[in-house]
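What follows is each chain in one-letter form.
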Amino acid sequence: MPAEKDHFEELRNLILESDRENYAHQNEQILDKLDELEKELNDPEKFAAVIQQSKAEIIDVLGPVMGKMIKKFISSEMSRLKQSIENKSKALFSFKFFKQRLKNKMAGVSKGDAAINEAVDSSLLQIFVIEQETGLLIGEYSHINVLEPDMVAGMLSAIKSFVESAFGEENSELESLEYSSYKILLYNFNRFYFACVMEGYVDAETRANLQDDFLDLTDKTLGSIPLKDIDDKLKKTVEEALIATFSDKYLGNPELNIGELDENGK
Amino acid sequence: MKTVSKKIVLLGNEGVGKTSLVKRYVHSIFNDEYLTTIGIKISKKVVEVGDVKVNLMLWDIAGNMMSKTLYNNYLRGAHGVFLVCDAMRPETYESIMNERENILSKDFQGTETAVIMNKSDLITEDPTTYLSAFEFDFLTSAKKGDNVESAFIQMATNILSK
Ligand SMILES: Nc1nc2c(ncn2[C@@H]2O[C@H](COP(=O)(O)OP(=O)(O)O)[C@@H](O)[C@H]2O)c(=O)[nH]1
Ligand SMILES: [Mg+2]
C-alpha cells in the first residue's frame, strides 16, 4: 500500500507545485508518473483501494489543472477503472485504457480564455458554494439580499438529491433549475458544488465560461481546502476567492458587475 | 463569536412529533407545502455552545414513502441524528431502535445519535415507571416545550466535542 500511495502523493505534489503555464511539460511529467504507477500495479486490489481512498482529493486537485471540462471524465474513468479492477483480470488493460483516454483528453485541452463579459443577455445574481455531502453552505457571493443563504443551500441540496435519486442514473447530476426568468446553474465538483443564480437568457457560452471560472477557482483555492469544519473562517476564505475570481471578470459590464455592487450591499 | 454549521437529521415514524419539535424553536422554516413534494423539511436553528454559535441545519425526513436510495441520500453527511418516538406508541420506539442499528452498523459511525421520547405531556402515570422499559436520551414535549431546547443544545455540544 505505501508504495502506491506515494506515487499518488508525488503525482499530486507535482501537479500542485508545477508551473501552470507550462502545460505541455507538465502533462509529460504526469504521464511519466502514470507510467510509474502502472509499473507498481502488481496488486489490483490494493490499487483499487488507493484510488478509492484518494478519489475526492485527486479529482478536486487534478481536475482543474489537467484542463477544462475533464473533471467528469476523470470521475467516471476512476469509477470505471475501479470497477474493472474489481474484476481483477482486466486490471492492466483498464489502466492502459484509462491512460490512453487521459492522454487524448489532455492533448485536446486548450487554454482558451473567453471573457465572460461578452455574454450580455444574462446577469449573475448570486453564487453559492455548497458541500455535496452535507448540503451546508461553504460560501456565498451576491449583491442582492438573500434572506437565508443557509436554508437555500440546504434546499438546493435536498432538491438535487431528490432529482438525482429519483431520475438519475449512477453518474448523472442535476445541472440546472428554472423558475420564471431565473435559472440556477449547478456546477458539480466532487466535494462541493457551485450554484449560480442567473437572470435572463443563459447561452451555452456563458455556461461554459462560468464552468471555466469555477475550474480555475477550484484549481487556485478551493480544490485543496479542508472542509472538516464549516465555520466562518472557511467561509471568509471561500468568499474572498469568489470575489477575486468574479469581481474582475464582471468589470465593464454594469449588469454583471457584482463586485462593485457588493460594496454597497453587505 | 465563532460560527460553525452542522447537519442534523430527524428520523422517526409519521406522527411522533418531528415537525412539531422543529417548529417549536426554529429560527426559520420553509413553506411546508412545497417541501412535502420531495419528502423533506429543512429548517435552521441557532444555538450557542460556550463561545461558539452553531447553525443547526435540520432535515426533517418523511421517511415512510420514500425510496431507500433517497432516504440514504438525505441522511448522507449528517453530523447528528435525532431518533424520535412517541411515548404513547411503543411500536415507534421499536422502529427507531431498528433504525439506529441500521444506521450505526453502516456509514454513520462518526455520527452523533440521540433518542427523543416525545409527548411527555400525555403520560398520566408516574413517568419513571411508565418509561422503565425504554432507553432514551431526552424526554420532551413539543406541545409544552419541555426539554426541546436542551435536546438541541446537548446535540450541538456533543457534536462539537467530537
Ligand atoms: N400532546 C402532544 N402532541 C404532540 C406532541 N408533539 C407532536 N404532537 C402532535 O402529534 C401529531 C403529529 O406531529 P408531527 O409533528 O406532525 O409529527 P411528524 O409526523 O413526526 O412530523 C400532531 O397532531 C401534533 O400536534 C407533544 O409533545 N405532545
Ligand atoms: Mg412531519
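Since we're looking at a predicted model, the values are computed, not measured. (Residues numbered from 1 in each chain as written. Chains lettered and ligands numbered in written order. Predicted model: local features only at pLDDT ≥ 70, side-chain atom pairs only at ≥ 80, totals over all residues. Heavy atoms only, no water.)

Side note on the overall build of chain A
- Scanning chain A from terminus to terminus reveals 9 helices and 5 strands.
- By sequence separation, contacts in chain A at least 24 residues apart represent 66% of the contacts at least 6 residues apart.
- When the accessible area of chain A is evaluated, it comes to approximately 12,600 Å², of which 50% is carbon and sulfur surface. (Helix = DSSP H or I, 4+ residues; strand = E, 2+ residues; numbered from the N terminus. Contact = heavy atoms within 4.5 Å. Areas by Shrake-Rupley, 256 points an atom, 1.4 Å probe, with all protein chains shown as cover.)

Looking at the confidence of the model for chain B
All names here are of chain B.
- Overall, the prediction assigns chain B a mean pLDDT of 87, with 89% of residues at 70 or greater.
- When mean pLDDT is compared element by element in chain B, strand S7 (residues 138–139) scores highest at 97, while strand S2 (residues 28–29) scores lowest at 52.
- Reported confidences for the modelled complex are a pTM of 0.71 and an ipTM of 0.89. (pLDDT = per-residue confidence, 0-100.)

Some points on the pairing of strand S4 (residues 182–188) of chain A
All names here are of chain A.
- The buried count for S4 comes to 6 of 7 residues, which makes it a mostly enclosed element.
- Note that strand S3 (residues 176–179) and S4 share 4 bridges and pair antiparallel. Bridge pairing in S4 places Leu 177 opposite Ile 184.
- Here S4 folds back onto strand S5 (residues 192–200) in antiparallel fashion, the turn holding 3 residues. (Buried < 20%, exposed > 50% of the residue type's maximum accessible area, 1.4 Å probe, protein only. Pairing = 2+ DSSP bridges.)

Side note on the site of ligand 1
All names here are of chain B.
- Taken together, 15 residues lie near ligand 1, and Gly 15, Thr 19, Ser 20, Asp 121 and Ala 142 sit nearest.
- Within the backbone of Gly 15, a nitrogen or oxygen atom sits 2.7 Å from an oxygen atom of ligand 1.
- In this structure, Lys 143 approaches ligand 1 through a main-chain N or O atom, which is 3.2 Å from an oxygen atom.
- When ligand 1 is considered free in solution it has 580 Å² of accessible area, and contact with the protein chains removes 70% of it.
- In terms of residue count, the dominant contributor to the shell around ligand 1 is helix H1 (residues 18–25) (3 residues).
- A breakdown of the residues in the shell around ligand 1 according to their chemical character gives 3 nonpolar, 7 polar and 5 charged. (Near = heavy atom within 4 Å. Polar contact = N/O pair within 3.5 Å; in protein donor to acceptor, adjacent residues only side chain to side chain. Nonpolar A, V, L, I, M, F, W, Y, C, P; charged D, E, K, R; others polar.)

Observations concerning the interface of chain B and chain A
- The interface of chain B with chain A comprises 29 residues on the first partner and 22 residues on the second.
- Of the roughly 2,100 Å² buried where chain B meets chain A, counting both sides, 62% is carbon and sulfur surface.
- If you look at where chain B meets chain A, you find 4 salt bridges.
- With a closest N to O distance of 3.8 Å, Glu 133 of chain A and Arg 76 of chain B form a salt bridge.
- Here chain B is connected to chain A by 5 residue pairs in polar contact (both at pLDDT 80 or more).
- Among the secondary structure elements, those contributing two or more residues to the side of chain B that touches chain A are strand S1 (2–11), S2, helix H2 (32–36), strand S3 (40–49), strand S4 (52–61) and helix H3 (68–75) of chain B.
- For the side of chain B that touches chain A, the element with the highest residue contribution is S1 of chain B, accounting for 6 residues.
- For the side of chain B that touches chain A, the class distribution of residues is 13 nonpolar, 11 polar and 5 charged. (Buried area = accessible area lost by both parts, 1.4 Å probe. Salt bridge = Lys/Arg side-chain N within 4 Å of Asp/Glu carboxyl O.)

Considering the nonpolar core
- Within the largest apolar cluster, 57 residues are counted, with the highest numbers of intra-cluster contacts made by Phe 194 and Phe 214 of chain A.
- For this core, the leading source of residues is helix H8 (residues 232–249) of chain A, giving 5 residues.
- Once residues within four sequence positions are removed from consideration, Phe 214 of chain A is found in contact with Ile 127, Tyr 187, Phe 189, Phe 194, Cys 196 and Phe 246 of chain A.
- Core analysis: the next-biggest nonpolar cluster, separate from the first, contains 24 residues, Leu 10, Val 22, Val 47 and Phe 152 of chain B among them. (Core = buried A, V, L, I, M, F, W, Y, C linked by side-chain atoms within 4.5 Å.)

Quick look at the side chain of Glu 112 of chain B
All names here are of chain B.
- Tracing the sequence through the fold places Glu 112 in strand S6 (residues 112–118).
- Judged by its relative accessible area of 14%, Glu 112 is buried.
- Looking at Glu 112, its side chain comes within polar contact range of the side chain of Asn 158, at 3.4 Å.
- Looking at Glu 112, its side chain comes within polar contact range of the side chain of Lys 162, at 3.3 Å.
- Discounting chain neighbours no more than four positions away, the residues touching Glu 112 are His 79, Gly 80, Val 81, Met 155, Asn 158, Ile 159 and Lys 162.

Concerning the pattern of salt bridges
- The full count for this structure, using the stated rule, is 12 salt bridges over all chains.
- Taking the shortest distance from any N to any O, the salt bridge between Asp 231 of chain A and Lys 2 of chain B comes out at 3.8 Å. Taken together, the residues span two chains, with Asp 231 of chain A in the loop between helix H7 (204–220) and H8 and Lys 2 of chain B in strand S1.
- Via salt bridges that share partners, Asp 150 and Lys 235 of chain A together with Lys 44 of chain B belong to a single interconnected network.

Details of H7 of chain A
- The end-to-end C-alpha separation of H7 of chain A is 24 Å, in line with the 24 Å expected for 17 residues at 1.5 Å each.
- Residues of H7 of chain A that are buried: Thr 206, Asn 209, Leu 210, Asp 212, Asp 213, Phe 214, Leu 215, Leu 217, Thr 218 and Asp 219 of chain A. (Expected span 1.5 Å × (residues − 1).)

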